[in-house]
Amino acid sequence: MIVAERKPLDVIRQMIAPYAKVLIVGCGTCVTVCGAGGEREVSFLHDELRLAQAKNPDGMHTYSEYTIKRQCDPEFIDLLDAKAEDVDAIISLACGIGVQAVADHFPDIPVLPGVNTTFNGVSSEYGVWDERCATCGDCRLDETGGICPITRCTKGILNGPCAGPKDGKCEVSKDMDCAWVLIYQRLERLGQLDKMRRYYPARNYQVVPRPRRIVVKSNVTAGAENA
Amino acid sequence: MPNSLFEEKLNSGKFIITTEIGPPKGCDISEMVHHIDILKDAVDAINVTDHQSSVLRFPSLGGCLVVKEHGGEPILQMTCRDRNRLALQADLMFACQRGVHNVLTLTGDSVDVGDHKEAKPVFDIDSVQLTKLIRTMESGYDMGGNELTGTPNFCIGSTVHPESDFIEPQLVKFDKKVSAGVQFFQTQGIFDLSKLRMFMQYSSQFPVKILAGIIVLSSARMAKYMNANVPGIMVPQNLIDELAGVEKGKGLAKGKEIAARTIKTIEEEKLCHGVHLMAVGNEGIVPEIIEMSRSESVKA
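In this text, all values refer to a predicted model and were calculated from it rather than measured experimentally.

The next thing to look at is the overall build of chain B. Per the secondary structure count, chain B includes 11 helices and 8 strands. In terms of overall dimensions, chain B has C-alpha extents of about 60 × 45 × 35 Å along its principal axes. Split into buried and exposed, the 300 residues of chain B put 50% on the buried side. Considering only intrachain contacts with a sequence separation of at least 6, the fraction spanning at least 24 residues in chain B is 77%.

Right under this line is the structure:
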């Protein structure tokens, strides 16, 4: 899932400074699970902003809040129409995708990011998230024992470790496992070390020209293509 | 026809000695030129580092041209950290056209360990792929499969880490480098010769030359600092104690002695095909260390 972190309060206050009426919009999916921008965090931010304003009245704002199921789907964003009728700005606590989808929907209202979208990750333990997928568009986890070198090796290299690891940790941080040490150990356990001994050619970045688009209408609706 | 003077020496069977210089941070290359003048006749080739430890310096390729201009034999260190495949190929063409025919392929240290931590790391390709790329260019084509007008030719080296605390994955990478076309290896710093012996037992099955990396230590403090901060370096406690045991100001002298006796042992026991001296920041002392390693007073 997508993992994000709330921006600091003073950064958000600077962003909203020019706008009197501000709508705070949460998202009920990934950012709810990682505790960055769900209904609860929207309510916290609302309280924080009001409290800060009471302490330091550097411009009066009025706030409203609303959380929709998903900010990356137009049918859910439609529900914001009534809420956004007379606001001067919207703070979206969704990931960058949600912020842009809401901005697309309201071309005349500034839509501001309330979180920093950080990575695609897994919950390793309660409250701890670790990056796992770089969404490279060319998955080779079958060849690397289910451990992604593109995401988990700081250099994203494909033919084995650099000379940097010590005690199985990356040269960048003693707290970070060397992906290639993990891959070696896993492939050894699976009896598949031949996969690591293979030469992997340079990545084909042409499979990921940005921005990417995927069309899978046949899976969603029986449209003209399926008739 | 050998690709370079250095390749000819590599294949001659003589004990090879290479060293390296780190170019300056800035445009004043007078100190580097001074070091080149001191080193060029004392060693078989001089590596020029490529923003070593991800710290910005005068470019490796520029340094190699200076080595050539001053009559030395350069080895172009080339990392994949800062250039994508287009930039790497362009630099290889330029190097070859200007007579630089030795290249050392490296993945490159992480940007995070250097002095421009906010820079974008490239790593478009890795050291194995870079080696393959050079061999592809030698066959007359670029990486996109397009024909080249005039083909480059190189003697290719790379690195290996015999003292890694988890050697198996390093050996997998070593095999891949050999298959990709690496002809010689300069190892990461060797401090424990038993590890080098073990590595040589393994690597002797391949038709490649191994030059043991010798880092000249200058104090116990430097050794501890490198253990903590330099990727892949592991100075053992007995050497740190030996350095700590000398009186103040004599650390470098002890470091030179350690380096000289290590070289002597390697050469006398024919442990590998040569050595690569890294006198980080003290490039000028390399000829003296080589001489010491050949004197009777230093015991192997």
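Moving on from the coordinates now.
Along the backbone of chain A there are 9 helices and 7 strands. Taking 17 Å as the expected radius of gyration for a compact globule of 227 residues, we find that chain A reaches 22 Å, considerably beyond that expectation. Taken over 227 residues, chain A has a buried fraction of 34%. Long-range contacts, defined here as pairs at least 24 residues apart, represent 56% of the contacts in chain A between residues at least 6 apart.

Moving on to the interface of chain A and chain B. In this assembly, 25 residues from chain A lie in contact with 29 residues from chain B. With 3 residues, the top contributor of residues to the side of chain A that touches chain B is helix α7 (residues 179–189) of chain A. Here the side of chain A that touches chain B is built from residues that sort into 14 nonpolar, 6 polar and 5 charged.

This next bit is on unusual backbone geometry. The phi dihedral of Thr135(A) falls on the positive side, at around 45 degrees, and the residue is not glycine. For Thr135(A), the location among the structural elements is in the loop between β7 (128–133) and α6 (149–152). In this structure Thr135(A) comes out as exposed when scored by C-beta crowding, with 12 C-beta atoms within 10 Å. Even without a glycine there, the phi angle at Ser54(B) is positive, about 60 degrees. Secondary-structure assignment places Ser54(B) in the loop between β2 (45–48) and α3 (60–69).

The biggest cluster of nonpolar side chains holds 94 residues, and the ones touching the most others in it are Ile46(B), Leu76(B), Ala212(B), Ile214(B), Val216(B) and Leu277(B). Here the element with the most residues in this core is α7(A); it accounts for 6 residues. Residues within four places of Ala212(B) in sequence aside, it is in contact with Thr187(B), Ile190(B), Leu196(B), Ile266(B), Cys272(B), Val275(B) and His276(B). Counting 34 residues, the second largest nonpolar core, distinct from the first, contains Ile24(A), Cys27(A), Ile68(A) and Val115(A).

What follows deals with the confidence of the model for chain B. Here chain B averages 96 in pLDDT, and 100% of its residues register 70 or above. Scoring of the predicted complex yields 0.92 for pTM and 0.92 for ipTM.

Right, let's get into the sheet that holds β7(A). Residues and elements named next belong to chain A. Read from one edge of the open sheet, 3 strands run β1-β6-β7, paired in antiparallel fashion. Edge positions in the sheet fall to β1 (2–6) and β7, since each of these pairs with one other strand and no more. Across the sheet, the axes of successive neighbouring strands diverge by a mean angle of 70 degrees, strand direction being ignored.

The next point concerns the sheet that holds strand β2 (residues 21–27) of chain A. Residues and elements named next belong to chain A. Here we have 4 strands laid out as an open sheet, ordered β3-β2-β4-β5, and parallel in their pairing. If you trace the sheet from one side to the other, it starts and ends with β3 (62–68) and β5 (111–113), each paired once. The average angle at which neighbouring strand axes cross in this sheet is 25 degrees, direction not considered. One ladder, built from 7 bridges, connects β2 with β3; its direction is parallel. Bridge pairing in β3 places Cys-27 opposite Ile-68. This element, helix α3 (residues 39–55), spans β2 and β3 of the sheet and lies at about 175 degrees to β3. Relative to β5, helix α5 (residues 96–105) is tilted by about 175 degrees, and along the sheet it contacts β2, β4 (89–92) and β5.

Below, the discussion takes up helix α10 (residues 251–268) of chain B. Residue and element names in this part refer to chain B. Taking 1.5 Å as the rise per residue, α10 with 18 residues should run 26 Å; its terminal C-alpha atoms sit 26 Å apart, in good agreement. Of all the positions in α10, only Lys-254, Gly-255, Lys-256, Ile-258, Ala-259, Ala-260, Thr-262, Ile-263 and Ile-266 are classed as buried. Positive backbone phi, approximately 50 degrees, marks Lys-270, located one or two places after α10.

Glancing now at the environment of Lys248(B). Within the secondary structure, Lys248(B) is located in the loop between α9 (237–244) and α10. Considering only alpha carbons, one finds Lys248(B) and Ile285(B), 37 residues apart in sequence, at a separation of 19 Å.

This next bit is on the packing of α10(B) against helix α11 (residues 286–294) of chain B. Residue and element names in this part refer to chain B. In contact at an axis separation of 8 Å, α10 and α11 are set at 55 degrees when each is read in the N-to-C sense. Of the possible angle classes, the one that applies to α10 and α11 is oblique. Here α10 and α11 pass one another in a crossing that is right-handed. Only Glu-288, Ile-289, Met-292 and Ser-293 of α11 make contact with α10, whose side of the interface consists of Lys-256, Ala-259, Ala-260, Ile-263, Lys-264 and Glu-267. Its residues assigned to classes, the contact of α10 with α11 shows 5 nonpolar, 1 polar and 4 charged.

Turning next to the pairing of strand β4 (residues 102–106) of chain B. Both faces of the sheet carry side chains from a regular strand, because those side chains alternate between them. Residue and element names in this part refer to chain B. With 5 of 5 residues buried, β4 lies mostly within the body of the structure. Both faces of β4 are covered, namely the face carrying Asn-102, Leu-104 and Leu-106 and the face carrying Val-103 and Thr-105. With helix α4 (residues 85–97) bridging strand β3 (residues 74–79) and its parallel neighbour β4, the resulting β-α-β unit is right-handed. Bridge analysis of β4 against strand β5 (residues 155–160) gives 4 bridges, and the strand direction is parallel. Counted as the bridge partner of Val-103 is Ile-156 from β5. Of the crossover connections in this fold, the one passing from β4 over helix α5 (residues 127–138) to the parallel β5 is right-handed.

The subject of this paragraph is the pairing of β2(A). All names here are of chain A. Taken across its 7 residues, β2 has 6 buried, putting it largely inside the fold. In terms of strand pairing, β2 meets β4 through 4 bridges, oriented parallel. Pairing of Ile-24 across the sheet is with Ile-91, part of β4.

Attention shifts here to the packing of α4(B) against α5(B). Residues and elements named next belong to chain B. Relative to each other, α4 and α5 sit at 50 degrees, their axes nearing to 11 Å. Considering the angle they form, α4 stands oblique to α5. Viewed along their axes, α4 and α5 form a crossing whose handedness is right-handed. Contacts between α4 and α5 involve Arg-85, Leu-88, Gln-89 and Leu-92 from the first element and Leu-130, Leu-133, Ile-134 and Met-137 from the second. Split into classes, the residues belonging to the contact of α4 with α5 amount to 6 nonpolar, 1 polar and 1 charged.

Rules and cut-offs
Residues numbered from 1 in each chain as written. Chains lettered and ligands numbered in written order. Predicted model: local features only at pLDDT ≥ 70, side-chain atom pairs only at ≥ 80, totals over all residues. Helix = DSSP H or I, 4+ residues; strand = E, 2+ residues; numbered from the N terminus. Buried ≥ 20, exposed ≤ 12 C-beta atoms within 10 Å, placed from the backbone. Contact = placed C-beta atoms within 7 Å. Rg over C-alpha atoms; globule rule 2.2 N^0.38 Å. Nonpolar A, V, L, I, M, F, W, Y, C, P; charged D, E, K, R; others polar. Core = buried A, V, L, I, M, F, W, Y, C linked by C-beta atoms within 7 Å. pLDDT = per-residue confidence, 0-100. Pairing = 2+ DSSP bridges. Axes fitted to C-alpha atoms, helices over the stretch in contact; angles between N-to-C directions. Expected span 1.5 Å × (residues − 1). Parallel < 35°, antiparallel > 145°, perpendicular 65-115°, else oblique. Left-handed = near helix turned anticlockwise from the far one by under 90°. Right-handed = clockwise from strand over helix to strand, strands pointing away.

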